[in-house]
Amino acid sequence: MSTAPDGTTLGRCPLCRVAIPAEQLVIEYSPETGWPQMLASCRRCDEVVGPV
């Protein structure tokens, strides 16, 4: 589940720079070391990316 409220963005696609809405979140996880990570689907690129 996303920690971002509905209607907000997760960040921008690193490939095409389009804003990625929170509802496009695919997975959110916390690795053993480092910061929590998320992957989301970019509608424009049709790729799963890590929003920046």
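Here, the structure is the one placed above.
Overview of the structure. A quick note: this is a predicted structure, and the numbers were derived from the prediction, not measured.

**Remarks on the overall build of the chain**
Here is step 1 of the chain: Scanning the chain from N- to C-terminus turns up zero helices and five strands.
Here is step 2 of the chain: When the helices and strands of the chain are listed from N to C terminus, the series reads β-β-β-β-β.
Here is step 3 of the chain: Taking all contacts inside the chain whose residues are at least 6 apart in sequence as the whole, residues at least 24 apart take part in 31%.
Here is step 4 of the chain: With an accessible surface of roughly 3900 Å², the chain has 52% of that area assigned to carbon and sulfur atoms.

**Topic: the environment of Pro31**
Here is step 1 of the chain: Summarising the element assignment, Pro31 is placed in the loop between β3 (25-29) and β4 (37-42).
Here is step 2 of the chain: Those residues in contact with Pro31 that lie beyond four places of it in its chain are Pro36 and Gln37.

**A closer look at a nonpolar patch on the surface**
Here is step 1 of the chain: Together, Val26, Ile27, Tyr29 and Val48 line one region of the surface with nonpolar side chains, adding up to about 360 Å² of accessible area.
Here is step 2 of the chain: No other element matches the three residues that β3 contributes to the nonpolar patch.

**Here's the deal with the sheet that holds strand β5 (residues 47-49)**
Here is step 1 of the chain: Strand order in the open sheet formed by three strands is β3-β4-β5, and the pairing between neighbours is antiparallel. The open sheet has two edge strands, β3 and β5, and neither has a second partner. Strand-to-strand twist of the sheet, defined as the mean angle between neighbouring strand axes without regard to direction, takes the value 15 degrees.
Here is step 2 of the chain: Examined bridge by bridge, β4 and β5 share three bridges and lie antiparallel to one another. Residue pairing in the sheet places Ala40 in a bridge with Val49 of β5.

Calculation notes
- Residues numbered from 1 in each chain as written.
- Predicted model: local features only at pLDDT ≥ 70, side-chain atom pairs only at ≥ 80, totals over all residues.
- Heavy atoms only, no water.
- Helix = DSSP H or I, 4+ residues; strand = E, 2+ residues; numbered from the N terminus.
- Contact = heavy atoms within 4.5 Å.
- Areas by Shrake-Rupley, 256 points an atom, 1.4 Å probe, with all protein chains shown as cover.
- Patch = residues over 30% accessible without salt bridge, like charges linked within 9 Å, V, L, I, M, F, W, Y side chains within 5 Å.
- Salt bridge = Lys/Arg side-chain N within 4 Å of Asp/Glu carboxyl O.
- Pairing = 2+ DSSP bridges.
- Axes fitted to C-alpha atoms, helices over the stretch in contact; angles between N-to-C directions.

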